[in-house]
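Chains, contacts and geometry: an overview
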Amino acid sequence: MIGTLDTYAEIQRPVITKNALNEVQNSWQLVEEVWLSKRLKTSSEGVADAQQNSKALYELKTHYIPNLKDDYRIVIEGEYFNIIGHDSPFRSRTIITAEHTSYDRRN
């Protein structure tokens, strides 16, 4: 079908609420737990303003998810992946392009 679904992940959606002082608060809500396959497409590293950064694009494949949105995120082993695109050919599976960015301070 779509390869080995050997990676556990959570799909989360953003939730915006207001606190007692009417201040906006952002949080995340679980949409669905899934098993998926994860494949690295591209990666790069760089240094800017004494900060090292890395960016990686992944292709994630899982079962068909009907209402997935690009502002959702994927959480895999505590790491956050931003969804930058998705497709569901023939409604049989969902293919997600996700970006993982990390930053490290250099001394």
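A few points on the structure. (Residues numbered from 1 in each chain as written. Predicted model: local features only at pLDDT ≥ 70, side-chain atom pairs only at ≥ 80, totals over all residues. Heavy atoms only, no water.)

Time to look at a nonpolar patch on the surface. On the surface, Leu5, Tyr8 and Trp35 cluster together into a nonpolar patch covering about 290 Å² of accessible area. With respect to the helices and strands, Tyr8 occurs in strand E1 (residues 7–18). (Patch = residues over 30% accessible without salt bridge, like charges linked within 9 Å, V, L, I, M, F, W, Y side chains within 5 Å. Areas by Shrake-Rupley, 256 points an atom, 1.4 Å probe, with all protein chains shown as cover. Salt bridge = Lys/Arg side-chain N within 4 Å of Asp/Glu carboxyl O. Helix = DSSP H or I, 4+ residues; strand = E, 2+ residues; numbered from the N terminus.)

Now for the nonpolar core. Within the largest apolar cluster, 16 residues are counted, with the highest numbers of intra-cluster contacts made by Ile11, Leu60, Leu68, Ile74 and Ile96. Counting residues per element, the ones that place at least two in this core are E1, strand E2 (24–48), strand E3 (51–63), strand E4 (73–76), strand E5 (79–87) and strand E6 (93–105). Here the element with the most residues in this core is E3; it accounts for three residues. With sequence-adjacent residues up to four places away left out, Leu60 is seen in contact with Leu36, Ser37, Lys38, Ile74, Thr94, Ile95, Ile96 and Ala98. (Core = buried A, V, L, I, M, F, W, Y, C linked by side-chain atoms within 4.5 Å. Buried < 20%, exposed > 50% of the residue type's maximum accessible area, 1.4 Å probe, protein only. Contact = heavy atoms within 4.5 Å.)

The next thing to look at is the packing of aromatic side chains. The full count for this structure, using the stated rule, is two aromatic pairs. Relative to Trp35, the ring of Tyr8 lies with its centre 5.7 Å away and its plane at 65°, an arrangement referred to as edge-to-face. In this pair, Tyr8 sits in strand E1 while Trp35 sits in strand E2, placing the two residues 27 residues apart along the sequence. Looking at Trp35, the relative accessible area reads 48%, which means it is partly exposed. Ring centres 5.4 Å apart and planes at 80° place the aromatic pair Tyr58 and Phe81 in the edge-to-face group. Residue Tyr58 is located in strand E3, and its partner Phe81 is located in strand E5; the two are separated by 23 residues in the primary sequence. For the cation-ring pair, Lys38 lies above Tyr58, with the distance from its terminal atom to the ring centre recorded as 5.1 Å. (Phe/Tyr/Trp six-rings, centres within 6.5 Å; stacked < 30°, edge-to-face > 60°. Lys NZ or Arg CZ within 6 Å of the ring centre and 35° of its normal.)

It is worth spelling out the pattern of salt bridges at this point. Tallying each qualifying case throughout the model produces three salt bridges. One salt-bridge network, held together by shared partners, links Arg39, Glu59 and Lys61.

Tracing the sequence through the fold places Arg73 in strand E4. The buried charged residue Arg73 lacks any salt bridge, with Glu10 as its nearest oppositely charged partner at 7.7 Å. At 2.7 Å, the side chain of Arg73 forms a polar contact with the side chain of Gln12. (Lys, Arg positive; Asp, Glu negative; His and termini not counted. Polar contact = N/O pair within 3.5 Å; in protein donor to acceptor, adjacent residues only side chain to side chain.)

By the element assignment, Ser37 lies in strand E2. Separated by 67 residues in the primary sequence, Ser37 and Asp104 have C-alpha atoms spaced 27 Å apart.

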